[in-house]
Amino acid sequence: VSLSEIALPLRRADVHPPLYYWTLSYWRRAFGPSLEAARALSLVCSVSAVCLLYAFCAFGGVRYPVLASLTFALASSTADQAQQARSNSMALMLVAGVALVALLLWKHEAKSTLNRFLGFASVALLGAASFMTNYMAAIPAAAIILWLVVVIQRGRAALLIVVAAVGAGTLLVW
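Predicted model only: the values in this text are computed from it and were never measured.

Secondary structure assignment for the protein chain yields nine helices and zero strands. Starting at the N terminus, the α and β elements of the protein chain follow one another as α-α-α-α-α-α-α-α-α. Across the protein chain, every contact between residues at least 6 apart in sequence was considered, and the portion connecting residues at least 24 apart equals 68%. For the protein chain, the accessible surface area stands at approximately 9700 Å², while carbon and sulfur atoms represent 71% of it.

Shown next, in the form of structure tokens:
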């Protein structure tokens, strides 16, 4: 099944964005068409989200980051999402990626324009990917990006325009 064959019915009759379904299509080609294989994608995304949370806490100065990530990992909602063949775990992983990259940009502000651009472009792409996975993921991703712009930007309008263009460009695909 091609990516357009997946996107077209979603656009016509469904309320879900396509990135999860596109990823699942390739995942199933690699690991088989079973429900267990589909659920394994959610499990991998959930474990990745736990790892990203650990990194976020560690880089953010949390004294015991393993406790925060372990609490999240053992929460019933996390375990439930990890075993469902749905987009929530992937969206959570991508939003956690937005948060981690934003934190790293804030704590270790890049000196060169290229490194700043790459950092902001990463945040924009991860934010757009989270939106293209689950529309509700746009809320925390947008809040993190807004915080990043307010805290770090301080007059770097050109860079902000580039990042906004990258994010908007990814949405045009849909």
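Here the focus is the nonpolar core. Core analysis: the largest hydrophobic core is formed by 13 residues, its most contacted members being Val95, Leu105, Phe120, Val123, Ile144, Leu148 and Ile152. Those elements giving two or more residues to this core turn out to be helix 6 (88-107), helix 7 (113-133) and helix 8 (138-153). Per element, the largest residue contribution to this core is six residues, and it comes from helix 6. What Leu105 contacts, discounting residues up to four positions off in sequence, is Gly119, Phe120, Val123, Leu148 and Ile152. Core analysis: the second largest hydrophobic core is formed by 11 residues, Leu24, Trp27, Met90 and Ala129 among them.

A residue-level look at the protein chain finds 86% of positions with pLDDT of 70 or above and a mean pLDDT of 84. Across the protein chain, the element-wise mean pLDDT spans from 59 in helix 9 (residues 157-173) up to 95 in helix 3 (residues 35-59).

With that settled, the discussion passes to the packing of aromatic side chains. The tally for this structure, following the rule as stated, stands at four aromatic pairs. Both rings, one in Tyr20 and one in Tyr21, keep their centres 5.3 Å apart while their planes meet at 80°; by these two values the pair is edge-to-face. Given a relative accessible area of 27%, Tyr21 falls into the partly exposed group. For the cation-ring pair, Arg29 lies above Tyr26, with the distance from its terminal atom to the ring centre recorded as 4.7 Å.

It is worth spelling out helix 7 at this point. The first and last C-alpha atoms of helix 7 sit 30 Å apart over 21 residues, in line with the 30 Å expected at 1.5 Å per residue. Of all the residues in helix 7, the buried ones are Arg116, Gly119, Phe120, Ala121, Val123, Ala124, Gly127, Ala128, Ala129, Ser130, Met132 and Thr133.

On to the packing of helix 3 against helix 4 (residues 65-74). The packing of two helices is summarised by the inter-axis angle and the distance between the axes. Two elements in contact, helix 3 and helix 4, have axes separated by 8 Å at closest approach and are oriented at 155°. With respect to helix 4, the element helix 3 is oriented roughly antiparallel. Seen from above, helix 3 lies across helix 4 with right-handed handedness. Residues Ala49, Val50, Leu53, Tyr54, Cys57 and Ala58 of helix 3 pack against Pro65, Val66, Ala68, Ser69, Phe72 and Ala73 of helix 4. Tallied by class, the residues present in the contact of helix 3 with helix 4 amount to 11 nonpolar, one polar and no charged.

Here the focus is the environment of Glu36. Along the polypeptide, Glu36 turns up in helix 3. With 49 residues separating them along the chain, Glu36 and Ala85 place their C-alpha atoms 8.5 Å apart.

Assignment of secondary structure puts Ser87 in the loop between helix 5 (76-82) and helix 6. Polar contacts involving the side chain of Ser87 include one to the main-chain carbonyl oxygen of Thr133, which spans 3.4 Å. If sequence neighbours within four positions are ignored, Ser87 has contacts with Tyr20, Thr133 and Asn134.

About the criteria used
Residues numbered from 1 in each chain as written. Predicted model: local features only at pLDDT ≥ 70, side-chain atom pairs only at ≥ 80, totals over all residues. Heavy atoms only, no water. Helix = DSSP H or I, 4+ residues; strand = E, 2+ residues; numbered from the N terminus. Contact = heavy atoms within 4.5 Å. Areas by Shrake-Rupley, 256 points an atom, 1.4 Å probe, with all protein chains shown as cover. Core = buried A, V, L, I, M, F, W, Y, C linked by side-chain atoms within 4.5 Å. Buried < 20%, exposed > 50% of the residue type's maximum accessible area, 1.4 Å probe, protein only. pLDDT = per-residue confidence, 0-100. Phe/Tyr/Trp six-rings, centres within 6.5 Å; stacked < 30°, edge-to-face > 60°. Lys NZ or Arg CZ within 6 Å of the ring centre and 35° of its normal. Expected span 1.5 Å × (residues − 1). Axes fitted to C-alpha atoms, helices over the stretch in contact; angles between N-to-C directions. Parallel < 35°, antiparallel > 145°, perpendicular 65-115°, else oblique. Left-handed = near helix turned anticlockwise from the far one by under 90°. Nonpolar A, V, L, I, M, F, W, Y, C, P; charged D, E, K, R; others polar. Polar contact = N/O pair within 3.5 Å; in protein donor to acceptor, adjacent residues only side chain to side chain.

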